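Observations on the model geometry
Below are the chains, spelled out letter by letter.
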Amino acid sequence: MARFLAAFIAALLLSATAHATLAALVPSRDGLIVAADSRISFLGAECDGAFKIIEPARPMRTVAIVTGDSIFVSPPPAGVSNLCQYLESAPRRLNIDTLVRDYLERSADDPTQLAFDGLGAACVRRVERFRQAYPEALRGFMGRDLFSVVVASYDPGTRTSLLRNFVVRIDARTRHVGAARFTQTAVSPHDPREVWIYGETSYVDRYVYAGFGRQFLSPATLGFLRDRTPVGQTPLDRAVAVAADIVQAASRAAQKVPAPSGIGGPIRVVLLGANPQPESVPWAAPYD
């Protein structure tokens, strides 16, 4: 109770941040599968139902995911008991999710024409504006990543998945906000299949892949992670099952050993395939 009260008082003085967490991406022979949880941690409360896959109108066959501390809101007034309900409508002082969506929708239909470094620069400018308005809000982020932006696309002509990622961080020495660690990965049908994890990657590596949470992965998922079958020989339903299973296993593990940002809530799965827009994909949970 004392820790919650201290966090609450701090939020009254600064801005409250909402943490987003985990996504799993799996290329298949019929398209790219993207699965993500829906939990956001906010002032000690775990709020579910905040689906994190951003589905812009353009570029075609493209989604984005922002993990980390990408949303800062006005602190809740005294007497608010339901923090999750407050978060739904709280005024945003910083909202990188909205910035990413707006930037993508101003782009061309072809995702390969996206100025990805420009997106990084736009994020940095927005964070700097926020820091100028609320200089104390980011003091605890010196030398740390603030958030990560992932943009995933699919080309049905070549059946290639394109995964792009960068982080925005504050340099401990210079105190400058910058975009860093830009990566771009093209996955063709001839490449060995893999699972790309974004968000709580260290947690998944330690507690799911190599820890007690491995028991929550289905035998089919464990087999998928071991073999090197080409993407072009990986059925869509297999990719769906694996992506959702890994996110769900992490959610189950987090019930015993909490993740830094919290993992859980309903899982959303989308397909980037032949259709120009992302498609929602149903999946059957292996556990009840």
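Just above sits the structure.
Below you will find a few notes about this structure. As the structure is a computational prediction, the values presented were derived from the model and not from experiment.

Our next topic: the overall build of the protein chain. Counting its secondary structure elements, the protein chain contains seven helices and 14 strands. Over its C-alpha atoms the protein chain spans a radius of gyration of 19 Å, differing by no more than 12% from the 19 Å that the globule rule assigns to 288 residues. Each principal axis of the C-alpha distribution contributes one length, and for the protein chain these read about 55 × 40 × 35 Å. Within the protein chain, buried positions represent 51% of all 288 residues. Partitioning the intrachain contacts of the protein chain with sequence separation of at least 6 by distance along the chain shows that 69% fall at a separation of at least 24. Treating the 31 positive side-chain charges of the protein chain as one cloud and the 27 negative ones as another, the clouds have centres 5 Å apart.

Counted under the stated rule, the structure contains ten aromatic pairs. Aromatic side chains tyrosine 207 and phenylalanine 212 sit 6.2 Å apart centroid to centroid with 65° between the ring planes, which places their arrangement in the edge-to-face category. Both rings, one in phenylalanine 212 and one in phenylalanine 216, keep their centres 6.4 Å apart while their planes meet at 85°; by these two values the pair is edge-to-face. An aromatic cluster of three or more residues is present, and its members are Phe72, Phe130, Tyr134 and Phe141. For arginine 164, the ring lying beneath its charged end belongs to phenylalanine 116, and the centroid distance is 5.6 Å.

Helix packing for two helices is described by the angle between their axes and how far apart those axes are. Interaxial distance between helix α5 (residues 201–209) and helix α7 (residues 236–254) falls to 10 Å at its minimum, and their mutual angle equals 80°. In this view, α5 runs roughly perpendicular relative to α7, as classed from their interaxial angle. Across from Tyr203, Val204, Val208 and Tyr209 in α5, the residues of α7 making contact are Ile246, Ala249, Ala250, Ala253 and Ala254. Tallied by class, the residues present in the contact of α5 with α7 amount to nine nonpolar, no polar and no charged.

Further remarks concern the sheet that holds strand β2 (residues 23–28). Whether parallel or antiparallel, the strands of a sheet pair through hydrogen bonds between backbone atoms. Here five strands make up an open sheet; going across it, the order is β12-β2-β3-β13-β14 and the pairing antiparallel. The two strands at the open ends of the sheet, each matched to only one other strand, are β12 (196–198) and β14 (279–280).

The interhelical angle for the contact between helix α6 (residues 219–226) and α7, taken along N-to-C directions, is 105°, at an axis separation of 10 Å. Between α6 and α7, the angle is such that the two are roughly perpendicular. Along the contact surface, α6 presents Ala220, Thr221, Gly223, Phe224 and Leu225, while α7 presents Arg238, Ala241, Val242, Asp245 and Ile246. For the contact of α6 with α7, a count of residues per class yields six nonpolar, two polar and two charged.

Below, the discussion takes up the nonpolar core. If you look at the biggest cluster of nonpolar residues, it comprises 32 residues, and the most contacted ones within it are Ile33, Val195 and Val269. Only β2, β3 (31–36), α5, α6, α7 and β13 (268–272) provide two or more residues apiece to this core. The element best represented in this core is α7, accounting for eleven residues. Residues in contact with isoleucine 33, not counting those within four places in the same chain, are Ala24, Leu25, Val26, Leu236, Ala239, Val240, Ala243, Val269, Val270, Leu271 and Val281. Counting 29 residues, the second-largest nonpolar core is a separate cluster that includes Phe141, Phe147, Val151 and Val168.

Turning next to helix α3 (residues 96–105). Of all the residues in α3, the buried ones are Ile96, Asp97, Leu99, Val100, Tyr103 and Leu104. For α3, the buried positions fall inside an angular range of 160° around the axis, keeping them on one side. Close packing links the buried residues of α3 with β6 (53–54), β7 (62–73), β8 (92–95), α4 (116–133) and β9 (145–155). The N-capping residue of α3, defined by a side-chain oxygen 3.2 Å from the backbone nitrogen of aspartate 97, is asparagine 95.

It is worth spelling out the state of the cysteines at this point. All told, the structure shown has one disulfide when counted by the stated rule. Disulfide pairing is shown between cysteine 47 and cysteine 84; the S-S distance is 2.1 Å. An S-S torsion of about -85° defines the bridge between cysteine 47 and cysteine 84 as left-handed. Of this pair, cysteine 47 sits in strand β5 (residues 45–47) while cysteine 84 is found in helix α2 (residues 83–89), placing the two residues 37 residues apart along the sequence. Residue cysteine 84 is classed as partly exposed on the basis of its relative accessible area of 24%.

What counts and how
Residues numbered from 1 in each chain as written. Predicted model: local features only at pLDDT ≥ 70, side-chain atom pairs only at ≥ 80, totals over all residues. Heavy atoms only, no water. Helix = DSSP H or I, 4+ residues; strand = E, 2+ residues; numbered from the N terminus. Rg over C-alpha atoms; globule rule 2.2 N^0.38 Å. Buried < 20%, exposed > 50% of the residue type's maximum accessible area, 1.4 Å probe, protein only. Contact = heavy atoms within 4.5 Å. Lys, Arg positive; Asp, Glu negative; His and termini not counted. Charge placed at Lys NZ, Arg CZ, Asp CG, Glu CD. Phe/Tyr/Trp six-rings, centres within 6.5 Å; stacked < 30°, edge-to-face > 60°. Lys NZ or Arg CZ within 6 Å of the ring centre and 35° of its normal. Axes fitted to C-alpha atoms, helices over the stretch in contact; angles between N-to-C directions. Parallel < 35°, antiparallel > 145°, perpendicular 65-115°, else oblique. Nonpolar A, V, L, I, M, F, W, Y, C, P; charged D, E, K, R; others polar. Pairing = 2+ DSSP bridges. Core = buried A, V, L, I, M, F, W, Y, C linked by side-chain atoms within 4.5 Å. Arc of directions from axis to C-beta. Polar contact = N/O pair within 3.5 Å; in protein donor to acceptor, adjacent residues only side chain to side chain. Disulfide = S-S within 2.5 Å.

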